[in-house]
Structures are given as structure tokens and as C-alpha cells.
Amino acid sequence: MHIDGGCHCGAIRFSADIKPDGVLICHCTDCQILTGAAYRIIVGAPAATFKLTGKLSIYTKTTADSGARRRQAFCPACGTPIYSSEDSDTPAVYGLRVGAIRQRAELAPKRQIWRRSALAWAMDLHGLPSVDGQN
């Protein structure tokens, strides 16, 4: 599936070919902190299909379990997370942030990882009162 997207302010744009069956939710505590949310939704994009315009800021983190280094790329103007990758100038795959993809409504997660870090309250939101707008 061909997708495109970008950051909130429009300074970053990207496109790629992805496999919709590869969409996953990550519940790790790093993803919780880096997103400010209960989990992050990711889909892999092969480097050969990933095209990007704009200049990103990069934060390199070290994962707790393996010690591997991962690059976190985001818009320096608005802070929108765009992708993560191995700590390399030529990564094989980019972990695109589904929230930044224009076709995100079509990209339902197919699996979850790091469930041991999942926040229990985030697993079932059906009982919460809701409204269609802000109020």
C-alpha cells in the first residue's frame, strides 16, 4: 500500500510503500514517554520506498533490554514524531509513526508488542463517556 504523510506544521512530508498487515502497537515504556501517550502505533517501511522532504531532528536512544541504539526522528518545528530506525545512516527499514500517515484510518494494528508494559486502563476504553467533539 502506498502511503503519505507529514508533520503537523507541514515542514516534513514523506511517502512510502508499506504492508498494512505490519501495523503494530508498542506498549514499551520508552514509547509511552516519547509519545506522551499510552502506546505508539508503528508500521515498517523499507528504505528503498521511503521518500522524505524537510529537515528532521534526531534523538538517539539506547534501548534498555538489548542496549541497541535507535534513532527517533521528529519535526524540529512542531515536534511531530515521524519515524524510528536503527542507528545507521542507511537503515534498512523505517518504523513510521502511524499518526503522521494521512491514511491512518485504514491502518488498524494487527499485533501488540511489549504487553508487559501496557497500562491496564488503556486496554478497554469502551465504558468511558464520550462526545464527538471537544465538549
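None of these values were measured; they are calculated from a predicted model.

**Q** When you look at the environment of L56 in this model, what are you seeing that I'm missing?
**A** The topology assignment puts L56 in the loop between strand 5 (51–53) and strand 6 (57–62). L56 gets classed as buried once you look at its relative accessible area, which sits at 13%. With 22 residues separating them in the primary sequence, L56 and C78 have C-alpha atoms 11 Å apart. Setting aside residues up to four positions removed in sequence, L56 forms contacts with I12, A73, F74, C75, P76, I82 and Y83.

**Q** Can you help me understand the sheet that holds strand 6 in this one?
**A** Whenever strands of a sheet pair, they do so through backbone hydrogen bonds, lying parallel or antiparallel. A sheet is described by the order of its strands in space; here seven strands give the open sequence 6-7-8-9-4-3-10, paired in mixed fashion. Of all strands in the sheet, those bounded by a partner on one side alone are strand 6 and strand 10 (111–113). Ignoring strand direction, the axes of neighbouring strands in this sheet form an average angle of 30°. Pairing analysis gives three bridges linking strand 3 (residues 24–26) to strand 4 (residues 40–46), with the strands arranged antiparallel.

**Q** When you look at unusual backbone geometry in this model, what are you seeing that I'm missing?
**A** Phi is mostly negative for residues that are not glycine, and the peptide bonds are mostly trans. Look at W114: it is not a glycine, yet its phi comes out positive at around 55°. Position of W114 among the secondary structure elements: in the segment after strand 10.

**Q** For this particular structure, what's the right way to read the environment of I42?
**A** Within the secondary structure layout, I42 lies in strand 4. Expressed as a C-alpha distance, the spacing of I42 and G6, which sit 36 residues apart in the sequence, is 14 Å. Those residues within four positions of I42 in sequence are excluded, and the remaining contacts are G22, V23, L24, C26, G95, L96, R97 and V98.

**Q** Would you mind showing me how to read the pairing of strand 8 (residues 81–86) here?
**A** Each regular strand shows side chains that alternate between the opposite faces of the sheet. Relative to strand 8, strand 7 (residues 69–74) runs antiparallel, the two being bridged by five bridges. Bridge assignment links R70 to a residue of strand 8, and that residue is E86. Between the antiparallel neighbours strand 7 and strand 8 lie six residues, among them G79 with a positive phi of about 85°. Pairing of strand 8 with strand 9 (residues 93–97), which is carried by two bridges, proceeds in the antiparallel orientation. The residue of strand 9 that forms the bridge with S84 is G95. Linking strand 8 to strand 9, which pair antiparallel, is a turn of six residues.

Rules and cut-offs
Residues numbered from 1 in each chain as written. Predicted model: local features only at pLDDT ≥ 70, side-chain atom pairs only at ≥ 80, totals over all residues. Heavy atoms only, no water. Helix = DSSP H or I, 4+ residues; strand = E, 2+ residues; numbered from the N terminus. Buried < 20%, exposed > 50% of the residue type's maximum accessible area, 1.4 Å probe, protein only. Contact = heavy atoms within 4.5 Å. Pairing = 2+ DSSP bridges. Axes fitted to C-alpha atoms, helices over the stretch in contact; angles between N-to-C directions.

It is worth stressing that arrangement in space is one thing and function is another; only the former is reported here.
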